[in-house]
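# Fold and geometry: a report
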Amino acid sequence: MTARPLATPADLLSELGRLGVELWLDRNVLRYRAPTGVLTEAMRKQMSLWKAELSDIIDVGDGPTESWPLTDRQLRLWLLELRQGATPEYNMHAAFRLHGQVDFSALHDAIRAVVKRHPILESVVNIDSNGLPVLVGGQARDIVDELNLDGSSDGLIYDVAAELSSRPMDLTHGPLTRIAILRVSNVDLVLVIVIHHVISDDYSIRIVCNDILECYQSLRNDNQLPVAWAATRPAKRRLAETA
């Protein structure tokens, strides 16, 4: 396959996005996170050469933090939590087991790609300048955890998954999404996904599960994000709107 010509920093940024590479500014320092094996040495050199130009593009493109008004259903859930405090009652959860040789690096990359595809997963509820509650994106970090349960019994695995699913979530401070990789062995894991009902329901949590599996298989087999994603980029609030 002929390599794409990367004549400008914008070309490079476009190609990095196609490959699932995330770039961001951390106190004016350009940082990146890439799926395993996608960056060639030539691309790394171009990133170093055009570091200032890439930083300028990202700085202009990021803009202010996105926020979305609450729907009537979300507002009811927020008011309920104000009255009774954080509770696991509105946690939506799912779990599935993967057998066979597991590529843990590809799995982590797949989860990061799905969170990027659905920014609502990193949102929290804040009060805007008008005194109204809104969902604010990009606020929750460290939503993924990996626990070593090497050789554990099914009973212990179930207990750990149940405990993760029943932890209360704070709408204001987040995270409203919790993803745990329970590593039983190199050929056995359980993935636990917990999302607050304010941004999900049974249907939308299935979307997240399916996207993770689809992306994991694509990264593992083809070392790239699913081809279909380029043509089906979801709206920012897709998950919330299905709830």
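For the structure, see preceding data.
The structure contained in this document is the topic of the report that follows. (Residues numbered from 1 in each chain as written. Predicted model: local features only at pLDDT ≥ 70, side-chain atom pairs only at ≥ 80, totals over all residues. Heavy atoms only, no water.)

### So, the overall build of the protein
- Summing up its helical and strand segments, the protein has eight helices and nine strands in all.
- Looking at the 243 residues of the protein, the share that counts as buried comes to 44%.
- By sequence separation, contacts in the protein at least 24 residues apart represent 69% of the contacts at least 6 residues apart.
- Total accessible area on the protein stands at roughly 13100 Å², and carbon and sulfur atoms take up 51% of it. (Helix = DSSP H or I, 4+ residues; strand = E, 2+ residues; numbered from the N terminus. Buried < 20%, exposed > 50% of the residue type's maximum accessible area, 1.4 Å probe, protein only. Contact = heavy atoms within 4.5 Å. Areas by Shrake-Rupley, 256 points an atom, 1.4 Å probe, with all protein chains shown as cover.)

### Focus: the sheet that holds strand β7 (residues 144–148)
- In spatial order, the strands read β4-β9-β8-β7; together these four strands make up an open sheet with mixed pairing. At either margin of the open sheet sits one strand with a lone partner, and together these are β4 (91–99) and β7. For this sheet, the mean inter-axis angle between neighbouring strands, taken without regard to orientation, is 15°.
- Bridge count between β7 and strand β8 (residues 177–185): five bridges; the pairing is parallel. Note that in β8 the partner of Glu146 across the bridge is Ile181.
- Across the face of the sheet, helix α6 (residues 154–165) comes into contact with β4, β7, β8 and β9 (188–196) while running at roughly 170° to β8. (Pairing = 2+ DSSP bridges. Axes fitted to C-alpha atoms, helices over the stretch in contact; angles between N-to-C directions.)

### Quick look at the nonpolar core
- Counting residues in hydrophobic clusters, the biggest one holds 41 residues, and the most contacted among them are Ile111, Leu189, Leu191, Ile193, Ile212 and Cys215.
- Those elements giving two or more residues to this core turn out to be α4 (72–84), β4, α5 (104–117), β8, β9 and α7 (202–222).
- Here the element with the most residues in this core is α5; it accounts for eight residues.
- Cys215 has contacts with Ala110, Ala113, Val114, Leu225, Pro226 and Trp229, leaving out every residue within four places of it along the chain. (Core = buried A, V, L, I, M, F, W, Y, C linked by side-chain atoms within 4.5 Å.)

### A closer look at the pattern of salt bridges
- Tallying each qualifying case throughout the model produces seven salt bridges.
- Among the ionic pairs, Arg33 bridges to Glu22, the shortest N-O distance being 3.2 Å. Within this pair, whereas Arg33 is found in strand β2 (residues 29–33), its partner Glu22 is found in strand β1 (residues 22–26), the two being separated by eleven residues in sequence.
- Given the relative accessible area of 32%, Arg33 is considered partly exposed.
- Here Arg97 and Asp188 are joined by a salt bridge, their closest N and O atoms 2.9 Å apart. Placement of the pair is Arg97 in strand β4 and Asp188 in strand β9, with a sequence separation of 91 residues.
- Classification of Arg97 by relative accessible area gives partly exposed; the value is 32%.
- One continuous salt-bridge network, built from bridges that share partners, spans Arg97, Asp154 and Asp188. (Salt bridge = Lys/Arg side-chain N within 4 Å of Asp/Glu carboxyl O.)

### Regarding the environment of Gln224
- Within the secondary structure, Gln224 is located in the loop between α7 and α8 (238–242).
- Sequence separation between Gln224 and Gly37 is 187 residues, and the spatial gap between their C-alpha atoms is 9.5 Å.
- Once residues lying within four places of it in the same chain are set aside, the contact partners of Gln224 are Arg18, Ser218 and Leu219.

### Here's the deal with the side chain of His196
- Note on placement: His196 falls in strand β9.
- By relative accessible area, His196 is classed as buried at 1%.
- With near-sequence residues (within four places) excluded, His196 lies in contact with Glu81, Tyr90, Asn91, Met92, Met169, Leu171 and Leu176.

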